[in-house]
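Below are the chains, spelled out letter by letter.
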Amino acid sequence: MFNKFATTFTALSALAILAVATPGGSGGGSGSCDTGPVQCCQSVEAAGSAAVAPILAALGVVLQDLSIPVGLTCTAINVIGVGSGNSCSADTVCCENNSFGGIAAIGCLPVSLS
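What you are looking at is a predicted structure, and each value in this text was computed from that prediction instead of being measured.

Things to note about the state of the cysteines
Applying the stated criterion across every chain yields a total of four disulfides. Disulfide partner of C95: C108, at an S-S distance of 2.1 Å. With the S-S dihedral at roughly 105°, the linkage between C95 and C108 falls on the right-handed side. Here C95, found in strand β3 (residues 91-97), pairs with C108, found in strand β4 (residues 104-110); they are 13 residues apart in sequence, far enough to count as distant.

If you want it as structure tokens, here you go:
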């Protein structure tokens, strides 16, 4: 009984993460982000990767789905100011959870600023 509940809960959580982190809200690519500011991350990798897993562990973050994209070394960028030098030369993403002081951001999906 518990296994069935845990499996269902995990599946629904993953769907919720994808729904909340979808950039633009209407097909993506619009340069907007429904969950907070657009982020510029130095890299985006799966939560279970060798680069990300120890960082999440040090932050005390436990994710059920190790394929969730996590941004590392992220800063917020002003989409309005993109043409005036406020640009990103790494990965421009919209992330569901940006509450780790730029060290990591969880549930990141690409955003196009062009």
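Following the structure, the description resumes.
Thoughts on the pairing of β3
Examined bridge by bridge, strand β1 (residues 39-46) and β3 share three bridges and lie antiparallel to one another. Counted as the bridge partner of C40 is T92 from β3. Here β3 pairs with β4 via four bridges, running antiparallel. What sits directly across from C94, in β4, is L109. Counting the residues in the hairpin turn of β3 and β4 gives six residues, including G101, whose phi is positive at 60°.

What counts, and where the lines are drawn
Residues numbered from 1 in each chain as written. Predicted model: local features only at pLDDT ≥ 70, side-chain atom pairs only at ≥ 80, totals over all residues. Heavy atoms only, no water. Disulfide = S-S within 2.5 Å. Helix = DSSP H or I, 4+ residues; strand = E, 2+ residues; numbered from the N terminus. Pairing = 2+ DSSP bridges.

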